[in-house]
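# Structural characterization, general
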Amino acid sequence: MTAVVVPTLLGSIRAVDEALEHLEVQYLANRDPNLQFALLSDFTDSPTEHREGDEEIVAAATAGIKALNAKYRNAAEDVFFLFHRPRLWNPKQNVWMGWERKRGKLAQFNKFVRGGAQDAFTTVIGDTSRLKFIRYVITLDSDTVLPRDAAQLLVGTIAHPLNRARYDEQIGRVTEGYGIVQPRVGVALTSAHRSV
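Below or above, wherever it landed, is the structure these notes cover. All values reported here derive from a predicted model rather than from experimental measurement.

The next subject is the side chain of Thr 2. Residue position: Thr 2 is located in strand 1 (residues 2-10). When its relative accessible area of 4% is taken as the criterion, Thr 2 is described as buried. The residues contacting Thr 2, other than those within four sequence positions of it, are Asn 34, Leu 35, Gln 36, Ile 134, Tyr 136, Ile 138 and Val 155.

Dropping the structure here:
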């Protein structure tokens, strides 16, 4: 089982709509009963812990994930998930923000699927019982496209016996194979910015 996750910041209802549309496009290009798709979200940084509109943003994201699951349910099991975190005070940056931003979301998601970090996310939408079988995580930026059937190719690459990671408990690191695979990245014309 593999999770395709998109760490993102949600600062408006429009940002929610864009994130949900992006997640749906990735699913449509990579339909597989062993793939799960999740938004890992934080609010944007703020001088206060809560801002006006926060509840509406979470409500829109919740409703959107539920609608995607209703539309694409796989054998009565959820395909789409929302993992939303609260703002925490960061004294170094003097702001309320998601802990460790993108890296923090990914670390806490990985801990969550392994049975830990149960309090890291204030909002979890989708039946997470199958997520304990997650073996691989594919991380996409909000402007990254996962080409058609690319998820299966990535999983096949990392699962190949010659690439499979072997972790040495004594030294605490991978000594053979790969723990992370980063494919070549291309830029879509619509996301390229031209400067004059």
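Okay, the pairing of strand 3 (residues 80-84) next. Taken across its five residues, strand 3 has five buried, putting it largely inside the fold. On strand 3, burial covers both faces: Phe 80, Leu 82 and His 84 on one face and Phe 81 and Phe 83 on the other are all buried. In this structure, strand 2 (residues 35-43) lies alongside strand 3, joined through five bridges in parallel fashion. When the sheet's bridge partners are listed, Ala 38 is paired in strand 3 with Phe 81. Pairing between strand 3 and strand 6 (residues 123-125): three bridges, direction antiparallel. In the sheet register, Leu 82 faces strand 6, and the bridge partner there is Ile 125.

Here three bridges tie strand 8 (residues 166-168) to strand 9 (residues 173-176), and the two strands are oriented antiparallel to one another. For Arg 166, the partnering residue across the bridge sits in strand 9 and is Glu 176. Where strand 8 hands over to strand 9, the hairpin turn is made up of four residues, of which Gly 172 adopts a positive phi near 75°.

Here is what the cut-offs are and how they apply
- Residues numbered from 1 in each chain as written.
- Predicted model: local features only at pLDDT ≥ 70, side-chain atom pairs only at ≥ 80, totals over all residues.
- Heavy atoms only, no water.
- Helix = DSSP H or I, 4+ residues; strand = E, 2+ residues; numbered from the N terminus.
- Buried < 20%, exposed > 50% of the residue type's maximum accessible area, 1.4 Å probe, protein only.
- Contact = heavy atoms within 4.5 Å.
- Pairing = 2+ DSSP bridges.

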